[in-house]
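Coordinate analysis (summary)
This is what each chain is made of:
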Amino acid sequence: AIPYNHKEIEKKWHEYWKQNPVNVEDEKKPKYYCLDMFPYPSGNGLHVGHWRGYVISDVWSRYKMMKGHYIIHPMGWDAFGLPAENYAIKMGVHPAISTAENVANIKRQMDEIEAVYDWDMEVNTTDPDFYKWTQWIFVKMFKAGLAYEKEMPINWCPSCKTGLANEEVVNGKCERCGEDVTKKNLKQWMLRITKYADRLLSDLDKLDWPDKVKKMQSDWIGKSYGAEVDFKVDGTDKAITVYTTRPDTLYGATFMVLAPEHAMAKELANDETRKAVEDYIFKASMKSNVDRLQDKEKTGVFTGSYAVNPMNGAKVPIWLSDYVLADYGTGAIMCVPAHDDRDFEFATKFSIPIIQVIAPDGKENPDLKEAYTESGIVINSGEWNGKDSAVLKKEAPIIIEEKGIGKKTTQYKLRDWVFSRQRYWGEPIPIVHCEKCGAVPVPEEELPLLLPEVESYQPTGTGESPLADITDWVNTTCPCCGAPAKRETNTMPQWAGSSWYFLRYVDSKNNKELVSAEKAKKYLPVDMYIGGVEHAVLHLLYARFYTKFLYDIGVVDFEEPFQKLFNQGMITGKNGIKMSKSKGNVVSPDDLVRDYGCDSLRLYELFVGPPELDSEWDDRGIDGVYRFLNRLWNLTMDSKEKNVSATKDMVKLRHKMIYDITTRLESFSLNTVISGFMEYNNKLIDLAKKENGIDKETLSAVVLLLAPFAPHFAAELWEQLGNEGSVFDGGWPVYDEEAMKDDEIEIAVQINGKTKAAILIGIEEAKDAVIAKAKESVQDKLTGNIVKEIYVPGRIVNIVMK
Ligand code: ANZ
Ligand code: ZN
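Here the structure is a predicted model, which is why all the values come from computation and not from measurement.

Each value, and the rule that gives it
- Residues numbered from 1 in each chain as written.
- Chains lettered and ligands numbered in written order.
- Predicted model: local features only at pLDDT ≥ 70, side-chain atom pairs only at ≥ 80, totals over all residues.
- Helix = DSSP H or I, 4+ residues; strand = E, 2+ residues; numbered from the N terminus.
- Buried ≥ 20, exposed ≤ 12 C-beta atoms within 10 Å, placed from the backbone.
- Contact = placed C-beta atoms within 7 Å.
- Pairing = 2+ DSSP bridges.
- Axes fitted to C-alpha atoms, helices over the stretch in contact; angles between N-to-C directions.
- Near = placed C-beta within 6 Å.
- Nonpolar A, V, L, I, M, F, W, Y, C, P; charged D, E, K, R; others polar.
- Domains from an automatic or database assignment.
- Right-handed = clockwise from strand over helix to strand, strands pointing away.
- Parallel < 35°, antiparallel > 145°, perpendicular 65-115°, else oblique.
- Core = buried A, V, L, I, M, F, W, Y, C linked by C-beta atoms within 7 Å.
- UniProt positions renumbered as here; feature names shortened; annotations may be inferred.
- Expected span 1.5 Å × (residues − 1).
- Arc of directions from axis to C-beta.

As a further point, take the overall build of the protein chain. For the protein chain, the helix and strand inventory stands at 25 helices and 29 strands. Each principal axis of the C-alpha atoms in the protein chain carries an extent, and together these give about 105 × 85 × 50 Å. Looking at the protein chain residue by residue over its 802 residues, the buried ones come to 41%. For the protein chain, long-range pairs separated by at least 24 residues make up 70% of all intrachain contacts whose partners lie at least 6 apart in sequence.

And the structure:
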């Protein structure tokens, strides 16, 4: 028989499928949209880690295709952003040129994966025909009041020389380069994502996503209930409003703290405290939010003023401290040191009284060593004494509202999205600044507003984008009144294009609309989205926000872009170290494809470990899957010549295999699918030895099941077995539960409760016959008087002897 020759077979089918695509649209077929997170076209090309996600999504697409769907499976390029710009700065090559080169190279590498991408749908976020619509969405948001300008201290990366969104600051460091993030006061374009906070939170319930990711999003949105309470400033007619989630502790408020940026901070100072107060405010302005929250030792300054606790009239000192953030709640808090850790620390350091108002047993602890943050019985709180604090926590906001000293509130952690970047390689923000008309959007029919050519891409570091130097471009006229005006010179963040690209694939050449209503209805939304978990908050939150906005303005008729989400784990080098060029541990797929073939590499990408977990790459492991393909090949070719008919055992094995592979695949346990193939292959080989071969129908079933995983191999064997048409039109095999059933089972034979033997019985065999068989199997041990014979059907026979 002919040996398995991966080179010839893969070449043959690769060329054949170029002419005869397997995934063709058919009005009768339901669509299934399986999306990969599109890559950034970096100059380093693809390594075996990148292959993993693409193989997983291709296997899933081909499986759905064989189940009768027309597959939307597109690919494109997320090509704006810092790496291309940094490369341009270093090499003096325009980012558009290096990007195009990288795209061509990666596309060639992707061709090796043999994924069923529809390249007619391809998009590139830096293509003016694409970013025209990125800008259009911004203009629509501006008109809807969702894009606005605001001067405020924002996160600033001194190394990337640009402002960052809160989502891009991870543990106080720049998500991109790892540099410590500082603050800079800049006029920014902001997107009012907070207006969508409630919908972004409640719609998570509709999604078939990993719980971990949903939790990350809901934590980030961070909805909490509480109250705003007004404290009068003693000796004035002014009040300071605090935000609290613990109004049940109001009687325990022994001081108040304002953020140093609070509007009233300075006026609370008196001649004695003024100098210290102003110094403190200045120092705080130099720190980032994360530093402020993580600082070990609390700092603060007493303003010299007092506030009046509205519940009991007590006068409490007003302090400033940077552990209170200006842009959360009201920027002012009432402090309850007995029940809040930070307040406890602060009160201890500055010798402020601590009053306990909740106790687990209702008894005050005169020697409190730390804050008690649990619920309990209310004490030291006038008319509230004796209540359950958990109940009071819910009642207090209503009581506060009735007393007219405040109101109940809902609060979110989510902040508006800082949307401008002071960098070159991004979509220009389509706004013109006119002295008379203010910020005016570029008319929709004039989009795209092209990114002009520049001499120098270098970020200026001053907070202005390199575009600011191109006077010809900057100077324009106001679309509104015609007077001389200036263009906005900031660009959009890298996330702008990726927030909506998945909508464009299905109508990528439409120059009149972002996507036609007809195509949107027919092909969208995405049924399955596959990519890395690192995007859990950033990209996935932004994309959900954009989709909801486009729903609101009638572009699409669904509110959630991605029905199902799968996050694959990373492929790492030895010892779990991330694969990267700088670590020198990158494994290139090219040699492996040459030596073992695309099919073997696809199988090994899945076999290497559970797809949702990080897995260590070991080149030697690919041998195992290669050997498996060879053995299956030889079995098929041998059996084909012998042409045996199916025995009962073959039929049973066939249905068990279909059942096992399908259920494992459905639950995304892709590594156990591959090990399952290997186990069944061994069983088939054993059976073939006994029966002189395996029947064609069973072998064809193996080939069908294997087709999504090893497409060339399966297509070739499908043909070799003499089947008609394409293996991908063969339909997904179905199992018959009756045919799977074993007709014999093994049960234990016990004497006085101790197992002595095992016997095979028919599943429907009668009790008497089973007991007779059992006795026969232990005949030599039946030396006494049998007093009882017990049969637990399908399990054991127990013979009781005296
Ligand atoms: C009194 C109190 C007593 C509080 C107590 C907590 C425990 P979340 O759940 O995160 O919303 N807080 C309010 N605004 C703040 C700001 N701008 N910066 C720093 N802290 C602020 O937390 C809300 C709680 O955090 C509020 O409830 C407030 O302290 C504090 F035993 O008020 B609490
Ligand atoms: Zn104007």
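Now that the structure has been shown, we can carry on.
Here the focus is the sheet that holds strand β20 (residues 475-477). One open sheet accounts for four strands, arranged β19-β18-β21-β20; its pairing is antiparallel. The open sheet has two edge strands with one neighbour each: β19 (438-441) and β20. For this sheet, the mean inter-axis angle between neighbouring strands, taken without regard to orientation, is 45 degrees.

A few words now on the sheet that holds strand β22 (residues 526-532). Within the open sheet, the four strands sit side by side as β2-β1-β22-β23. Their pairing is parallel. Here the strands that pair on one side only, and so sit at the sheet edges, are β2 (70-72) and β23 (562-568). Averaged over all pairs of adjacent strands, the angle between strand axes in this sheet comes to 25 degrees, irrespective of strand direction. Strand direction decides the pairing type here: strand β1 (residues 31-36) and β2, joined by three bridges, are parallel. Within β2, the position partnered with Tyr-33 by the bridge is Ile-72.

Contacts to ligand 1 come from 18 residues, most closely from Thr-244, Arg-246, Tyr-328, Gly-329 and His-339. When residues of the shell around ligand 1 are traced back to their parent elements, those giving at least two are β9 (239-244) and β13 (332-335). Within the shell around ligand 1, the residues separate by chemical class into eight nonpolar, eight polar and two charged.

With respect to the element layout, Asn-671 can be found in helix α21 (residues 670-691). Through-space distance from the C-alpha of Asn-671 to that of Ala-701 is 20 Å; in sequence the pair is 30 residues apart. Every residue in contact with Asn-671, bar those within four places of it in the chain, is listed here: Leu-606, Phe-607, Gly-609, Pro-610 and Pro-611.

Moving on: the domain arrangement of the protein chain. Under the domain assignment, the protein chain is made up of domain 1 (134-210 + 417-487), domain 2 (224-411), domain 3 (589-739) and domain 4 (743-801). For domain 1 versus domain 4, the separation of C-alpha centres amounts to 80 Å.

Of all seven residues that make up β23, five are buried, and the element is covered over most of its length. Here six bridges tie β22 to β23, and the two strands are oriented parallel to one another. Along β23, the bridge assignment pairs Gly-531 with Asn-567. As for the winding sense of the linkage, the β-α-β connection from β22 through helix α16 (residues 538-552) to β23 is right-handed.

Okay, the packing of helix α18 (residues 598-607) against α21 next. Axis separation between α18 and α21 bottoms out at 7 Å; the angle between their running directions is 120 degrees. Of the possible angle classes, the one that applies to α18 and α21 is oblique. Residue-level inspection shows Leu-603, Leu-606 and Phe-607 of α18 in contact with α21, the latter providing Leu-670, Asn-671 and Ile-674. Residues of the contact of α18 with α21, tallied by class, amount to five nonpolar, one polar and no charged.

Formed by 154 residues in total, the largest nonpolar core has its most connected members in Val-625, Leu-629, Val-703, Leu-706 and Ala-714. It is helix α2 (residues 48-66) that provides the largest number of residues to this core, a total of ten residues. Setting aside chain neighbours within four positions, we find Ala-714 in contact with Val-703, Leu-706, Ala-707 and Val-727. One finds Ala-253, Phe-255, Ala-307 and Phe-344 within the second-largest nonpolar core, a separate group that totals 45 residues.

Attention now moves to the UniProt feature "domain: Methionyl/Leucyl tRNA synthetase" (unreviewed entry) in the protein chain. Residues given the UniProt feature "domain: Methionyl/Leucyl tRNA synthetase" (unreviewed entry) here are residues 38-180. Summarising residues 38-180: 43% helix, 15% strand, and an end-to-end C-alpha distance of 28 Å.

What follows is about the packing of helix α1 (residues 6-19) against helix α23 (residues 711-720). Remark: α1 packs on α23, axes separated minimally by 9 Å, with the N-to-C direction vectors making an angle of 90 degrees. Between α1 and α23, the interaxial angle falls into the category roughly perpendicular. Contacts between α1 and α23 involve Ile-9, Glu-10 and Trp-13 on the former and, on the latter, His-712, Phe-713, Ala-715 and Glu-716. Its residues assigned to classes, the contact of α1 with α23 comprises four nonpolar, one polar and two charged.

Time to look at unusual backbone geometry. A cis amide bond, omega 5 degrees, links Leu-447 with the succeeding residue Pro-448. Mapped onto the fold, Pro-448 is located in the loop between β19 and α12 (471-474). The omega torsion across Leu-524 and Pro-525 is -5 degrees, close enough to zero to call that bond cis. Phi angles above zero are rare outside glycine, and Lys-161 is one such case at about 55 degrees. Relative to the assigned elements, Lys-161 resides in the loop between β3 (147-157) and β4 (162-164). Phi is positive for Asn-380, which is not a glycine, with a value near 50 degrees. Counting through the fold element by element, Asn-380 comes out in the loop between β15 (377-378) and α11 (389-403).

Let us look at helix α8 (residues 274-285). For α8, built from twelve residues, the straight-helix expectation of 16 Å at 1.5 Å per residue is met to within 8% by its first-to-last C-alpha distance of 17 Å. Every buried residue of α8 is accounted for by Val-277, Tyr-280 and Ala-284. Buried residues of α8 fall within an arc of 65 degrees about the axis and therefore sit on the same side. Exposed residues pointing more than 90 degrees away from the buried face of α8 are listed as Lys-275, Asp-279 and Phe-282. Lining the buried residues of α8 we find β11 (301-308) and β12 (315-320).

It is worth spelling out the environment of His-94 at this point. Looking at the element boundaries, His-94 is found in the loop between α3 (82-91) and α4 (95-111). It is 59 Å that separates the C-alpha atoms of His-94 and Ser-305, two residues lying 211 residues apart in sequence.

Relative to the helices and strands, Leu-687 resides in helix α21. Leu-687 sits in the partly exposed class, given 18 other C-beta atoms within 10 Å. Setting aside residues up to four positions removed in sequence, Leu-687 forms contacts with Asp-649, Met-650, Leu-653 and Ile-694.

Residues Pro-589, Leu-592 and Val-593 constitute the buried set of helix α17 (residues 589-596). All buried residues of α17 project into a common sector of 100 degrees when viewed along the axis, lining one side. Of the exposed residues in α17, the ones pointing more than 90 degrees away from its buried face are Asp-591 and Arg-594. Where α17 is buried, its residues meet α2, α18 and α19 (622-642). Just downstream of α17 lies Gly-597, where phi reads positive at about 100 degrees.

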